[in-house]
Amino acid sequence: MTIKLFSRVEFVGAQHDELRAGDIGYIIEDYGDGNYEVEFSNADGSTRAQVVVNEKDLVPRAI
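Since the structure is predicted, the reported quantities are computational estimates derived from the model, not experimental observations.

Draft legend 1. Summary view of the sheet that holds strand E4 (residues 47–54). Taken in spatial order, the five strands line up as E4-E3-E2-E1-E5 in an open sheet, and their pairing is antiparallel. Sheet topology places E4 and strand E5 (58–60) at the edges, where each strand pairs with a single neighbour. Strand after strand, the sheet turns through a mean of 40° between neighbouring axes, direction not considered. Pairing geometry for strand E3 (residues 35–41) and E4, over seven bridges, is antiparallel. Following the sheet pairing, Phe40 is matched in E4 by Ala49.

Structure representation (structure tokens):
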């Protein structure tokens, strides 16, 4: 599965240091190996986490 840059995604992986299942973020980089850099934000728009996530832990979500 390839996810386009700037797509909205839901994190569905196991709990991570900074993430929990259900967190919503946006793809900001595609590394071409199944890993994506994803930015997760707080309600006020400030960045909460910017992490590399494997595609198996992401599900595209409509806006």
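Text resumes after the structure shown.
Draft legend 2. Geometry of the nonpolar core. Within the largest apolar cluster, twelve residues are counted, these being Ile3, Val9, Phe11, Leu19, Ile27, Tyr36, Val38, Phe40, Ala49, Val51, Val53 and Leu58. Among the secondary structure elements, those contributing two or more residues to this core are strand E1 (8–11), E3 and E4. In this view, Ile3 contacts Val9, Ile27, Asp30, Tyr36 and Leu58; residues no more than four positions away in its chain are not counted.

Rules used throughout
- Residues numbered from 1 in each chain as written.
- Predicted model: local features only at pLDDT ≥ 70, side-chain atom pairs only at ≥ 80, totals over all residues.
- Heavy atoms only, no water.
- Pairing = 2+ DSSP bridges.
- Helix = DSSP H or I, 4+ residues; strand = E, 2+ residues; numbered from the N terminus.
- Axes fitted to C-alpha atoms, helices over the stretch in contact; angles between N-to-C directions.
- Core = buried A, V, L, I, M, F, W, Y, C linked by side-chain atoms within 4.5 Å.
- Buried < 20%, exposed > 50% of the residue type's maximum accessible area, 1.4 Å probe, protein only.
- Contact = heavy atoms within 4.5 Å.

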